[in-house]
Structures are given as structure tokens and as C-alpha cells.
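Tertiary structure, described
Listed here are the chains, written in short residue letters.
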Amino acid sequence: MMNDAAQESRRPGAGFVVAALGAIGVLLALGTWQLDRLQWKRALVAERQAIASQPPTNVTAAAAVTVTDYQPVSLTGTLRHDAEMLIGPRVRKGRPGWRVVTPLGLAGGGLVLVDRGWVSVKHKTPVLRSAGQVTGVVTIVGFARLPGPRGRFMPDNEPEKGQWFRVSPDEMAAARKLDHVAGWWLVAGAAPNPGGWPKGGAAIAALPDNHLRYAFIWYALALAASVIATMVWVRGRR
């Protein structure tokens, strides 16, 4: 009788069934959620590609238009090198450096911050790249960017120290005491600057797309959990 009782206590019961089905259900739900994310990501990529393929919009005043993220834009105006700011550090092809952001005064009024490109640590000081500090009226073509949420591991800007980790038009305008600054900024295209610095041509960041792989992993774990649970149940009933 004791052996029968011990065997009965080792047999999987209703609690085991509930726990196993719950775990398998969670794994299946996670796999399905990743497939939904996959469809959302592909739609977002298609939308971004459609926007980026449009001809550049000529913006003559900072308040003249409402731009879309990654929209091609052409700006004409005068660069305010006295209010230049550096974003970074940023690594380019394994080398440390900085992104140069300079306000551009538009002929129609207002300012737009322009990410002119990357400079190495050696060329961080403007006097060492004086040829690139162009004066007079210039036209810069690139794509617009809108402020977004700060990255999880991105530190906060420190305007009081002049330390910028990301472009923030409102913060930068306040720190430099600039008026009528657009709420978006322009990332310059690949047209070379005099003297070779800054180096423009930043690519539109590719969106990571690992959702199909993640879905496969969750579904595979659900299948493995089903097999293990079935084996435990059958062995316990024997």
C-alpha cells in the first residue's frame, strides 16, 4: 500500500496540467506577438522608404512647412558657426569623433539645426577645419529628423557643460539663446564640405528586424515544452 501511495503521489495531477498548459500558452502568445511585430516593422520600413524616395522639399522658412521624419529636404541660408555644437562622442569606421550641428539661418526667417557630418577628434576644434566653416549663402540637402524618445542607454544632455549626446532642438536653442528654431533638424547628405570636414552622408538608420527569428524561438520552445510535458505525463501515469 505504501508503494501504491508513493507512486500515486508522483503521478502528475491537475496542478501539473494547468502549469504546463499555462507555460505553453505563454510561449505561443509570445511567438504570435513577434509575428505581429514583424508585420508592423515591415509596414514601417515600407513607409520610411516611400518617404525617403520623394524629391527634396525646398524649405525657405523655419515655420513654413511641417516635415515628416526622414523626409528629403533642401535648405538655403547662412550657417551660424558661432553657435556650433558637437554631439558625441560618435564612432565612425572604428574611429572616435563628433557630429557637428550648426544652426542655419533661412532667408525666409528662423533657424534649422543642421547635422553637417562627422569630424575626428583631431578636427574637433573649428580652427583646425577652417575651410569647412563656409560663409555666405549655402544650400544643404539632406533628410529631416524629428525628436524622439531618448534611448534606454543614452545619457541626458548636459547643456550647462556644453555636453550633447543627442540632438534636441529645444534644449540647444535655449542653451545658445537662439530664437525661432524649428522643432526638427536636418541631417546633411553626402555632398563634400570644403577641406573634407565635416564628413556628411549619414545613412538613414536601418531598423532591426529579428522578429521572425524570435517568433521561431518562442514557437520552438512551446513545442519542446509540449513534448516534455507529454513525456512526464505519460511516464507518471505508467
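These remarks concern the structure in this document.

Cut-offs and rules
- Residues numbered from 1 in each chain as written.
- Predicted model: local features only at pLDDT ≥ 70, side-chain atom pairs only at ≥ 80, totals over all residues.
- Heavy atoms only, no water.
- Helix = DSSP H or I, 4+ residues; strand = E, 2+ residues; numbered from the N terminus.
- Rg over C-alpha atoms; globule rule 2.2 N^0.38 Å.
- Buried < 20%, exposed > 50% of the residue type's maximum accessible area, 1.4 Å probe, protein only.
- Expected span 1.5 Å × (residues − 1).
- Phe/Tyr/Trp six-rings, centres within 6.5 Å; stacked < 30°, edge-to-face > 60°.
- Lys NZ or Arg CZ within 6 Å of the ring centre and 35° of its normal.
- Salt bridge = Lys/Arg side-chain N within 4 Å of Asp/Glu carboxyl O.
- Contact = heavy atoms within 4.5 Å.
- 1 Å grid on protein atoms, 1.4 Å probe; cavity = no way out; pocket = protein on both sides within 12 Å on 5 of 7 lines; lining within 4 Å.
- Points joined across faces, edges and corners; volume = space filled by probe spheres on them.
- Nonpolar A, V, L, I, M, F, W, Y, C, P; charged D, E, K, R; others polar.
- Pairing = 2+ DSSP bridges.
- Core = buried A, V, L, I, M, F, W, Y, C linked by side-chain atoms within 4.5 Å.

With that settled, the discussion passes to the overall build of the protein. Broken down by element type, the protein carries four helices and seven strands. Reading the secondary structure of the protein in the N-to-C direction produces α-α-β-β-β-β-β-β-α-β-α. A compact globule built from 238 residues should have a C-alpha radius of gyration of about 18 Å, whereas the protein, at 28 Å, is more than 25% larger. Each principal axis of the C-alpha atoms in the protein carries an extent, and together these give about 100 × 35 × 30 Å. The buried share among the 238 residues of the protein stands at 35%.

The subject of this paragraph is helix H2 (residues 14–52). Counted at 1.5 Å a residue, the expected span for H2 with its 39 residues is 57 Å, and the 57 Å between its end C-alpha atoms agrees. Residues Ala20, Ile24, Leu27, Gly31, Gln34, Leu38, Lys41, Arg48 and Ile51 constitute the buried set of H2.

Further remarks concern the packing of aromatic side chains. Two aromatic rings, taken as a pair, are described by how far apart their centres are and by the angle between their planes. Per the counting criterion, the structure on display carries two aromatic pairs. Ring geometry for tryptophan 118 versus tryptophan 197: centroids 6.1 Å apart, planes at 45°, classification tilted. With tryptophan 118 in strand E5 (residues 111–120) and tryptophan 197 in the loop between strand E7 (181–188) and helix H4 (211–237), this pair connects stretches of sequence that are 79 residues apart. Take tryptophan 118 and tryptophan 197: they sit in the same class, and that class is buried. Just above the ring of tryptophan 197 sits the side chain of lysine 199; from NZ or CZ to the centre is 4.6 Å.

Summed over all chains, the structure comprises five salt bridges. For aspartate 69, the salt bridge goes to arginine 145, with nearest N and O atoms at 2.8 Å. One end of the pair, aspartate 69, is in the loop between strand E1 (57–59) and strand E2 (72–79); the other, arginine 145, is in strand E6 (residues 137–145), and 76 residues separate them in sequence. Aspartate 115 serves as the salt-bridge partner of arginine 99, at 3.1 Å between the closest nitrogen and oxygen. With arginine 99 in strand E4 (residues 95–106) and aspartate 115 in strand E5, this pair connects stretches of sequence that are 16 residues apart. With respect to class, arginine 99 is no different from aspartate 115; both count as buried.

Take glutamate 84: it is sitting in the loop between E2 and strand E3 (85–92). On the accessibility criterion, glutamate 84 (10% relative accessible area) is buried. Not counting chain neighbours up to four residues away, the residues in contact with glutamate 84 comprise Val100, Val101, Thr102, Pro103, Pro126, Arg129, Gln133 and Arg176.

What follows concerns the layout of surface pockets. Considered as a void within the structure, the second largest pocket measures approximately 240 Å³ in volume. Taken together, 14 residues make up the lining of the second largest pocket; nearest its centre are Thr139, Ile140, Ala191, Pro192 and Asn193. If you tally residues by element for the lining of the second largest pocket, the top one is E6, at four residues. Counted by class, the lining of the second largest pocket contains ten nonpolar, three polar and one charged residues.

Moving on, we get to the pairing of E4. Counting buried positions along E4 gives nine out of twelve residues, so the element sits mostly inside the fold. As defined by bridge partners, E2 adjoins E4 across three bridges and the pair is classed as antiparallel. For glycine 77, the partnering residue across the bridge sits in E4 and is leucine 106. Where E3 lies against E4, six bridges are found, and the strand directions are antiparallel.

What follows concerns the pairing of E2. The side chains of a regular strand alternate between the sheet's two faces. Of all the eight residues making up E2, six are buried; the element is thus mostly covered by neighbouring parts of the structure. Of the strand pairs in this sheet, E2 and E6 are connected by seven bridges, and their pairing is antiparallel. From the neighbouring strand, threonine 76 faces E6, where its bridge partner is threonine 139.

Residues Val73, Leu75 and Trp184 are the most contacted members of the largest nonpolar core, which totals 18 residues. Those elements that provide at least two residues to this core are E2, E4, E5, E6 and E7. In terms of residue count, E7 provides more of this core than any other element does, four residues in total. With residues up to four places along the chain from it excluded, the contact list for tryptophan 184 reads Val59, Ala62, Val67, Val73, Leu75, Val112, Leu113, Ala144, Arg145, Leu146 and Pro169. Of all hydrophobic cores here, the second largest spans 16 residues; its members include Phe143, Trp164, Met172 and Val181.

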